[in-house]
Structures are given as C-alpha cells and as structure tokens.
Amino acid sequence: MPELPEVESIRRVLQNSLINQNLQKYKILDNRINRFNNTKPRNLGTLLDISRKGKILQFIFKKNSIFFHLGMSGRLDLNGLKNKHTHGLFFFENDVLLYDDIRKFGYIKILKNEQAKNQFAAIGPDSLSLTKKDKTYVLKKANRSSTSVKNFLLNQKNLSGLGNIYVNEILFLSGVHPLSKTFNLKDQNWNAIFLNTKKVLQKAIKNNGTTLSDMTYILPQGAYGNNQNSLYIYAKDKCFSCTRKIDKILVDSRATYVCKKCQKQIN
Ligand SMILES: [Zn+2]
C-alpha cells in the first residue's frame, strides 16, 4: 500500500510534469473508483497545484479539486499504456495521466473547492510536518487510547500518512514494542516516536519510496523506489542493532516485526 513517502514521491514527479497544463478531458471508467462522485464537471481548466495530506493527493483547479486515494494497489502512470486495470484517464495538453488499480480500494473524487477543505479536515495532521500544536493533538488522543500503539499510529484520524512499513520502522527506532498500550507511553516515548517519524519519512522520500518484492509501487514515469534497501526491521531476520533474531507477529493481520531486546513493552 502506498504510504506517505510513496504518495509524496508521486506528487513531486507529477508536480514537475503537469502544473500549468490544461486538463482537456477526462474519463473515469469504473463505478467503484467513481463511487464518491455525484457530478463530474466538464471543464476543469488549468492545473494550478498538487497538494497532499497523509496518503491523499489533491489536484487543485480554479473552482474544483480532484482527490486521488491510491488504496492498496492504485498507481498514477504518466503516458503509459491503457490496460484492463486502467480506471481513469486524464488528458492534459502534453501528457496523459492514467489511474490504474488492480484491487480497486482507491478512489477518484471530484469536489468544488469550498467542499474540498472538509476532505482534509476528516483526517489527522500530516505526519511529515507535525507542528507543536499537531503533537499536542496527537498526545491528547493517545492519552485516552487503550489500543496498541501500532494500531494508534496506523489510524489516519490520529495522524495521517503512516502505513504498515513505516510504523514498523518508527517503533523499532523508538525502542517501543508495537503491542504497548497507547495510554501507557511516556513523554520520552512520544518524543522518540515524533523524531523518528520525521527521520523515517524524510529518508524514504529521499529514496523515492519503498518498492517491495511484489513490485506494486512504481513511480509515474516507471522508476522503482529505493528505500527497500534502507529499511531497519521491516521483513528482516536479524536485528540491525543487536543482531538478535527478529520476531514476526500479526497485529490486526498485518505483518509486525519486533526485536524483543531493543523494543520495550511500555507499562
Ligand atoms: Zn535488537
């Protein structure tokens, strides 16, 4: 599943290619991908900017915005070939953007700009750029949450952008066992988690995201990410720090990697 670094890497490529181009026409071919749209305005005009919060991209036009959520397997492909998994086509002056999605958990949503604000207000602060105020918000929610810290960090309403790979990395670097109950974490644990969130995400963006062995994540011009070569614990056998064997457990059916020596259960 594309997480914040992958979506941000995609955003940067598209920003460089598509800004200031006129969107001449578009088609959304699949009812499921189109499920949130009541209307589809014909002329959207010039693409002014592409912004992002968490894992959601917003293409901003003068009066409307197009939101893309890539779900589990969505892909934005620039000038590629239409195939049976292509569910959206966006014809810009010089480039064609294709939305491909094998599993169809993603969506394309078109809203008037007045309504667009609500779209981003429904999710927690973006985990790449947490302000002091954002951290206070997260801590307030955390102090009331009896779920595991892993599930807390994955919940997009608490903070947005993190998925399974990067939560594994962040909790390892912070020395926190993923099954620790969220309300038990101390200030020092949160300081470490906030610091490592920034570090892990910035490094992953620098590496253009993580392409795992399933090869589902591909950048819009066909390149793969490189961050899979820089992971500390995700899908590893031995601990990077102490060389002990890594345990693989399931938390809500998601693969979770733990070093019992380096990651403490917080009580
Ligand atoms: Zn270790």
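Note that the structure is predicted; figures quoted are calculated from it, not measured. (Residues numbered from 1 in each chain as written. Predicted model: local features only at pLDDT ≥ 70, side-chain atom pairs only at ≥ 80, totals over all residues. Heavy atoms only, no water.)

A. Seen up close, the overall build of the protein. Of regular secondary structure, the protein possesses six helices and eleven strands. Taking 267 residues into account, the globule formula puts the C-alpha radius of gyration at 18 Å, and the protein, at 19 Å, falls close to it. Overall, the C-alpha framework of the protein stretches about 55 × 35 × 30 Å when taken along its three principal axes. A total of 267 residues make up the protein; the buried ones form 55% of that total. A fraction of 64% describes how many contacts in the protein between residues 6 or more apart in sequence connect residues 24 or more apart. Within the structure as shown, the protein displays about 13,200 Å² of accessible surface, and the carbon and sulfur contribution to it stands at 49%. In the protein, the 44 positive side-chain charges and the 19 negative ones have mean positions that sit 5 Å from each other. (Helix = DSSP H or I, 4+ residues; strand = E, 2+ residues; numbered from the N terminus. Rg over C-alpha atoms; globule rule 2.2 N^0.38 Å. Buried < 20%, exposed > 50% of the residue type's maximum accessible area, 1.4 Å probe, protein only. Contact = heavy atoms within 4.5 Å. Areas by Shrake-Rupley, 256 points an atom, 1.4 Å probe, with all protein chains shown as cover. Lys, Arg positive; Asp, Glu negative; His and termini not counted. Charge placed at Lys NZ, Arg CZ, Asp CG, Glu CD.)

B. Structural context of the packing of helix α5 (residues 164–174) against helix α6 (residues 187–206). Direction vectors running N to C along α5 and α6 enclose 130°, while the axes themselves pass 9 Å from each other. Taken as axis vectors, α5 and α6 run oblique relative to one another. Relative to α6, the crossing made by α5 is right-handed. Together, Tyr166, Glu169, Ile170, Leu171, Leu173 and Ser174 of α5 and Ala192, Ile193, Asn196, Thr197, Val200, Leu201 and Ala204 of α6 make up the contact between the two elements. Considering only residue class, the contact of α5 with α6 consists of nine nonpolar, three polar and one charged. (Axes fitted to C-alpha atoms, helices over the stretch in contact; angles between N-to-C directions. Parallel < 35°, antiparallel > 145°, perpendicular 65-115°, else oblique. Left-handed = near helix turned anticlockwise from the far one by under 90°. Nonpolar A, V, L, I, M, F, W, Y, C, P; charged D, E, K, R; others polar.)

C. Representation of the coordination of the zinc ion in the model. The protein atoms that coordinate the zinc ion are Cys239 (SG), Cys242 (SG), Cys259 (SG) and Cys262 (SG), at distances spanning 2.2 to 2.4 Å. Taken together, the four donor atoms coordinating the zinc ion and their angles of 100 to 113° define a geometry best described as tetrahedral. (Donors = N, O, S within 2.8 Å, 3.2 Å for Na, K, Ca; no water. Tetrahedral: all angles 85-135°; square planar, octahedral: opposite > 155°, others 65-115°.)

D. Fine view of helix α1 (residues 4–18). Between its first and last C-alpha atoms α1 spans 20 Å; for 15 residues at 1.5 Å apiece the expected length is 21 Å, and the two agree. Among the 15 residues of α1, eleven are classified as buried, and the element is accordingly described as predominantly covered. Looking only at α1, the buried set comprises Leu4, Pro5, Glu6, Val7, Glu8, Ser9, Ile10, Arg11, Val13, Leu14 and Leu18. (Expected span 1.5 Å × (residues − 1).)

E. Unusual backbone geometry, seen in detail. With a phi close to 60°, Lys104 is a non-glycine residue in the positive phi region. Along the chain, Lys104 falls in the loop between β8 (96–101) and β9 (107–112). Residue Lys104 is classed as partly exposed on the basis of its relative accessible area of 25%. The backbone phi angle of Ser253 is positive, close to 60°, even though this residue is not glycine. As for its placement among the helices and strands, Ser253 is situated in the loop between β10 (247–251) and β11 (254–258). Judged by relative accessible area, which is 67%, Ser253 ranks as exposed.

F. Here's a closer look at the environment of Gln119. Topologically, Gln119 is positioned in helix α2 (residues 113–121). Residues Gln119 and Lys27, spaced 92 residues apart in sequence, show a C-alpha to C-alpha distance of 22 Å. Ignoring sequence-local partners within four residues, the contact set of Gln119 consists of Ile56, Phe67, Tyr107, Lys109 and Leu111. For Gln119, the side chain forms a polar contact with the side chain of Lys109, separated by 2.7 Å. (Polar contact = N/O pair within 3.5 Å; in protein donor to acceptor, adjacent residues only side chain to side chain.)

G. Looking closely at a nonpolar patch on the surface. On the surface, a nonpolar cluster with roughly 270 Å² of combined accessible area is contributed by Met1, Met72 and Phe105. By the element assignment, Met72 lies in the loop between β5 (64–69) and β6 (74–78). What makes Met72 partly exposed here is its relative accessible area of 32%. (Patch = residues over 30% accessible without salt bridge, like charges linked within 9 Å, V, L, I, M, F, W, Y side chains within 5 Å. Salt bridge = Lys/Arg side-chain N within 4 Å of Asp/Glu carboxyl O.)

H. Looking closely at the domain arrangement of the protein. Splitting the protein by domain gives domain 1 (4–121) and domain 2 (132–258). Distance from the C-alpha centre of domain 1 to the C-alpha centre of domain 2: 27 Å. Contact residues are listed per partner, giving 17 residues for domain 1 and 18 residues for domain 2. Carbon and sulfur atoms make up 65% of the area that domain 1 and domain 2 hide from each other, which totals about 1,500 Å². Ranking the residues of domain 1 by area buried against domain 2 places Pro5, Glu6 and Arg75 at the top, with a combined share of 34%. For the interface between domain 1 and domain 2, the tally reads zero salt bridges. At the surface where domain 1 touches domain 2, the tally comes to six residue pairs in polar contact (both at pLDDT 80 or more). Listed by contribution, the elements that provide at least two residues to the side of domain 1 that touches domain 2 are α1 and β6. The dominant element in the side of domain 1 that touches domain 2, judged by the number of residues it contributes, is α1, at ten residues. Classifying every residue of the side of domain 1 that touches domain 2 gives seven nonpolar, three polar and seven charged. (Domains from an automatic or database assignment. Buried area = accessible area lost by both parts, 1.4 Å probe.)

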